[in-house]
Amino acid sequence: MRLHAARTLIVEPVLPEPLRALERLARNLFWTWNTDAAALFERIDRELWAETGHNPVRLLQLAGSERLHALAEDDGFLAHLGRVAEALDAYLARKPLLTVEGLGPGDVIAYFSLEFALTECLPNYSGGLGVLAGDHLKSASDLGLPLVGVGLFYRQGYFRQEISVDGWQQEVYLDLDPATLPLTHVVDSVGQPIEVAIPLDGRDVWAQAWRADVGKTPLYLLSTDIPRNAPHDREITARLYGGDNETRIQQELVLGVGGVRLLQALGIEPAVCHMNEGHSALLGMERIRVAMERYGVTFGEARLPVTGATVFTTHTAVAAGIDLFHPDLVRRYLGQYAAQMGLDDHAFLGLGRTRPADDGEPFSMAVLGLNLSGYRNGVSKLHRGVSRRLWESAWPNLPLDQVPIDAVTNGVHLPTWVSHEMGELFDRYVGPGWRDDPVHAEWDRVHEIPDEELWRVHERQRSQLVLRARQQHTDDMLRRGLSPTDGERGQVLDPGALTIGFARRFAGYKRATLLFRDPARLAAILNNPERPVQVLFSGKAHPRDDGAKALIREVVQMSRSPEFRGKLILLERYDVELARALVTGADVWLNTPLRPLEASGTSGMKACANGGLHMSVLDGWWWEAYRPGLGWAVGRNRLEDDPEAQDAFDAESIYSLLENEVVPLFYDRDADGIPREWVRRMKGSIAAFAPYFNTSRMVADYAARAYGQAAAAWHGLQSENLAPARELAAWLERVRAHWGGVKVCAVEDDGTERRKAGERVGVEALVHPGVLQPQELAVSVVFGEASPAGELSIEHEAPMAFVEQHEDGVCRYRGVFAPEGGGRVGYAIRVAPFHPKLPSVITTGLALWA
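Residues numbered from 1 in each chain as written. Predicted model: local features only at pLDDT ≥ 70, side-chain atom pairs only at ≥ 80, totals over all residues. Heavy atoms only, no water.

Engineer: Quick question: what am I supposed to make of the sheet that holds strand E27 (residues 825-833) here?
Structural biologist: Within a beta sheet, neighbouring strands are joined by backbone hydrogen bonds and run either parallel or antiparallel to one another. The strand order across the open sheet formed by four strands is E24-E23-E27-E28, and the pairing between neighbours is antiparallel. Because the sheet does not close on itself, it has two edges, and the strands there are strand E24 (796-799) and strand E28 (848-849). (Pairing = 2+ DSSP bridges. Helix = DSSP H or I, 4+ residues; strand = E, 2+ residues; numbered from the N terminus.)

Structure representation (structure tokens):
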């Protein structure tokens, strides 16, 4: 039998007075990017630090009083502790580095995400989406942006990966105890846990929250695993991406609806909400419900300020990657909730459809997010175009390049991902400002680092990676019941060999096995005795993606072939810590997605910041970053209609680049053993990419393009008990009802077919506004490059002025434009609704073209 305790207590270690600061340091995730703080905890007990998954809270619980009292008398340790405590205090007290126009005093931005990757001891993440979210919070803290994070606490997190003897991924779930993690229970003024109710399928499910302090940024993680709930409801937040579609919609209700209610209970009313993907789209519905209840307004009236104050980021490049829910499931879980807001099934389901009138279309949380947000963006410039094509049917009146989806290219939190030694090198030559404000750091000074010094640091990082990989590889073999006599004899990996890293989520489009298309050719590259090459793979497949698991097995089986043994290895248990080791130690970072399916990708940014050189298909961030001499482009800057043809071409490109450029360059050493040209490219890569591809720049971009105008819209439309929103809602309803009556009757210009660049062209348009007033229309001339067939690419626009209205109601508008470039230029007339109080961030989707 299993004996259950009558009651459990949380017992905190009693720290000697000189060590009291350790408790405060352990509870703030500042140590996840301050390497001096991490070194302080490692100093307590190196083995225990590793065993706890780099968890300082658990480390202090297990260290023992004898060890703690010894440290309390260790002058060196106390000096180290004082230095780190002062660094944290100075960091928390620092004035904001960023001023956001439109953001008022006391305004808060709430950032919602289904996953956050902050540290390996808190496995609340599966891949890039979570890593990006975690880095977003860290940079918001660095910049002093008033932001809070909202997510879920998964009792079993995401799975721990193990590889079976036959190479098949197995998922192991371990229970996480919040009492042993750097989390604080969210309680009220009398110490009772704050609980919020979420309506689920005719019942209330309750959630409590845990708080993680990410520097200055609080992150609130909701959990339904509390005694008040029924056993099956306690399981809702058990696992990240666990269960079926029903579990997913339950989790998304807890995140979106429960997250807003939690913030309310904490007295936080965000001016801006940022949805990191569609998982949190229901936050928009809950904010609308709150506004309806507070101000006594309709759904349409409450929707305007909420939409204007919401930011939506999509990370998806294909329709298959979008969560879709059967209408019956949506009715079951959200029908009654929507009815409370005056919406029938058809109206609510239409908010999650690209074609609202199509009752056969499933419900998409991503479409709901698009419809309830004012600012929308993809995560790279190339992905902006992909996203516009993916969602263009949601805006049928707009041409593709006018679909209101912008681009904010992803970045990485450099202090988290740059190694300790490389960071010290940057401190000495670039200056310590790179840590807090990398955008404005003097990165050109990287070129002043002596080649020998940079190369020594990088070689140490590669050696550390190889030693770690060797030990883990041996441990994993023993766990599987294998021994050197059963499989791999001799030394695995070479600390001096050219090391290629490939680590990311395993999915079919990422083409992890593209390198194996010609095994004989690959073997020749890896086994050259004078210029050896080795490849390290790592990554997880989604638990239900058997195709991706088959790719992992193929990598494992290939690694066991005699020609690849010891040269090609898959490291299991991929997590933040292993990722950090790989990006800091690899010489070349390989990325082979099927273009254009990589929305952004960030692992290559991390490798480049550590001196690695990037070798990738021109997709995601690399499409806008690549420049000759600072890495390599795999394949061509074009799309192949046939994926098989693209595979063949890209594989040939990889082999050719390795044989003719990468390997020779790496082994071209001078008398001192330094690959001078390789090191020159390392410096160039760091100097070119580190200032831009970081989350400080990314968060500042969101602040300038999205957060400021979203907050301004929120305040403007909420004023006077939503009076502006009521006025706009009535106006929009009237405009939509009568838009079909607006007609462009004629367009004339004073130009000839051939004009000189810069010469003005006068344009007149005759527009019948129907029952609308002339001042309710914004008429513009849009112009840009045109194809011989007349297809127009809109590059510029110029407003047209109202001149007069004829007795028959027709209005004359007049304007001019001046094309600057040569070649074939076209123009068109756009007519759109106009209201002086309508914030620019809110798109009506209505337009007439001629």
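Engineer: Just to check I follow, could you spell out the pattern of salt bridges for this structure?
Structural biologist: Pairing between side chains becomes possible if they bear opposite charge and their charged atoms approach one another. If you walk through the whole model with that rule in mind, you get 62 salt bridges. The closest approach of N and O atoms between Glu-598 and Lys-510, which form a salt bridge, is 3.0 Å. Taken together, the positions of Glu-598 in the loop between strand E18 (588-591) and helix H22 (603-609) and Lys-510 in the loop between strand E15 (498-503) and helix H19 (519-526) put the pair 88 residues apart, joining distant regions of the chain. Side by side, Glu-598 and Lys-510 carry an identical accessibility label, which is buried. The partner of Arg-680 in a salt bridge is Glu-677, and the shortest N-O contact between them spans 2.5 Å. Of this pair, Arg-680 and Glu-677 both sit in helix H25 (residues 676-689), separated by three residues, roughly a single helical turn. Among the residues examined, Arg-680 registers a relative accessible area of 47% and is labelled partly exposed. (Salt bridge = Lys/Arg side-chain N within 4 Å of Asp/Glu carboxyl O. Buried < 20%, exposed > 50% of the residue type's maximum accessible area, 1.4 Å probe, protein only.)

Engineer: Sorry, what's going on with unusual backbone geometry here?
Structural biologist: Negative phi characterises most residues that are not glycine, and trans characterises most peptide bonds. At the junction of Arg-595 and Pro-596, the peptide bond is cis and its omega measures out at 5 degrees in the coordinates. By the element assignment, Pro-596 lies in the loop between E18 and H22. Even without a glycine there, the phi angle at Tyr-241 is positive, about 55 degrees. Following the sequence through the fold, Tyr-241 ends up in the loop between helix H8 (231-234) and helix H9 (245-265). You can call Tyr-241 buried: its relative accessible area is 10%. The backbone of Arg-511 sits at a positive phi, close to 55 degrees, despite the residue not being glycine.

Engineer: Whenever I open this one, the sheet that holds strand E20 (residues 632-634) confuses me. Can you help?
Structural biologist: Reading across the sheet, the six strands line up as E17-E16-E15-E18-E19-E20 and stay open at both edges, with parallel pairing between neighbours. The two strands at the open ends of the sheet, each matched to only one other strand, are strand E17 (568-571) and E20. Mean inter-strand twist for the sheet, computed between neighbouring axes without regard to direction, equals 20 degrees. In this structure, E15 lies alongside E18, joined through two bridges in parallel fashion. (Axes fitted to C-alpha atoms, helices over the stretch in contact; angles between N-to-C directions.)

Engineer: Please clarify how the nonpolar core should be interpreted in this entry.
Structural biologist: If you look at soluble globular proteins, the nonpolar side chains tend to sit buried side by side. By size, the foremost hydrophobic cluster in this structure holds 173 residues, and its most contacted members are Leu-22, Leu-145, Met-285, Leu-334 and Tyr-707. The dominant element in this core, judged by the number of residues it contributes, is helix H26 (residues 695-738), at 18 residues. Contact partners of Leu-334, with chain neighbours within four places excluded, come to Ile-249, Leu-253, Leu-282, Phe-348 and Met-365. Counting 99 residues, the second largest nonpolar core, distinct from the first, contains Ile-500, Tyr-574, Leu-582 and Leu-613. (Core = buried A, V, L, I, M, F, W, Y, C linked by side-chain atoms within 4.5 Å. Contact = heavy atoms within 4.5 Å.)

Engineer: Would you take a moment to explain the pairing of strand E22 (residues 761-768) for this structure?
Structural biologist: Relative to E22, strand E21 (residues 743-749) is paired through six bridges, and the arrangement is antiparallel. Bridging across to E22, Val-747 finds its partner in Ala-765.

Engineer: In this structure, what is going on with the packing of H9 against helix H10 (residues 282-295)? I would like to understand it.
Structural biologist: Working note: a packed helix pair is described by the angle between its axes plus the distance between those axes. Two elements in contact, H9 and H10, have axes separated by 7 Å at closest approach and are oriented at 40 degrees. For the element pair H9 / H10, the angle class is oblique. Pair H9 / H10 crosses with right-handed handedness. Each of Glu-252, Leu-253, Gly-256, Val-257, Val-260, Arg-261 and Gln-264 in H9 lies in contact with H10, whose residues at this interface are Leu-282, Leu-283, Glu-286, Arg-287, Arg-289, Val-290 and Arg-294. Its residues placed into classes, the contact of H9 with H10 shows six nonpolar, two polar and six charged. (Parallel < 35°, antiparallel > 145°, perpendicular 65-115°, else oblique. Left-handed = near helix turned anticlockwise from the far one by under 90°. Nonpolar A, V, L, I, M, F, W, Y, C, P; charged D, E, K, R; others polar.)

Engineer: Looking at this structure, I do not really get the state of the cysteines. What am I missing?
Structural biologist: Linking two cysteines covalently through their sulfur atoms gives a disulfide. Under the criterion given, the structure shown has zero disulfides. With no disulfide of its own, Cys-745 lies closest to Cys-811 among cysteine sulfurs, the gap being 9.2 Å. (Disulfide = S-S within 2.5 Å.)

Engineer: Teacher, can you tell me more about the packing of H9 against helix H12 (residues 327-339) here?
Structural biologist: Contact geometry for H9 and H12: axes closest at 10 Å, N-to-C directions at 20 degrees. Relative to H12, H9 is oriented roughly parallel. Crossing geometry of H9 relative to H12 is assigned as right-handed. Contact residues: H9 offers Asn-245, Glu-246, Ile-249, Gln-250, Leu-253, Val-257 and Arg-261, while H12 offers Leu-329, Val-330, Arg-332, Tyr-333, Leu-334 and Tyr-337.

Engineer: I keep staring at the packing of aromatic side chains and nothing clicks. Help me out?
Structural biologist: What describes a pair of aromatic rings is the distance from one ring centre to the other and the angle between the planes of the rings. Applying the stated criterion to the full structure yields 30 aromatic pairs. Clustering of aromatic rings is evident, with ring pairs tying together Trp-621, Trp-622, Tyr-626, Phe-689, Tyr-692 and Phe-693. Between Arg-239 and the ring centre of Tyr-173, over which it is positioned, the NZ or CZ distance is 3.6 Å. The ring of Trp-714 has Arg-287 sitting right over it, with the charged end atom 4.5 Å from the ring centre. (Phe/Tyr/Trp six-rings, centres within 6.5 Å; stacked < 30°, edge-to-face > 60°. Lys NZ or Arg CZ within 6 Å of the ring centre and 35° of its normal.)

Engineer: Honestly, the side chain of Asn-694 in this entry has me stumped. Any pointers?
Structural biologist: Examined against the element boundaries, Asn-694 turns out to sit in the loop between H25 and H26. On the basis of relative accessible area, Asn-694 is assigned to the buried category, the value being 0%. A polar contact of 2.9 Å, which involves the side chain of Asn-694, links it to the backbone oxygen of Pro-691. A distance of 2.8 Å separates a polar atom in the side chain of Asn-694 from the backbone nitrogen of Arg-697. Leave out the neighbours within four places in its chain, and Asn-694 touches Gly-411, Val-412, Leu-414, Pro-438 and Val-439. (Polar contact = N/O pair within 3.5 Å; in protein donor to acceptor, adjacent residues only side chain to side chain.)

Engineer: I keep staring at the pairing of strand E10 (residues 310-313) and nothing clicks. Help me out?
Structural biologist: Put simply, side chains in a regular strand alternate between the two faces of the sheet. Because side chains alternate across E10, one face comprises the buried residues Thr-310 and Phe-312, and the other comprises Val-311 and Thr-313, equally buried. In this sheet, strand E13 (residues 375-378) lies alongside E10 in parallel orientation, the contact comprising three bridges. The residue of E13 that forms the bridge with Phe-312 is Arg-376.

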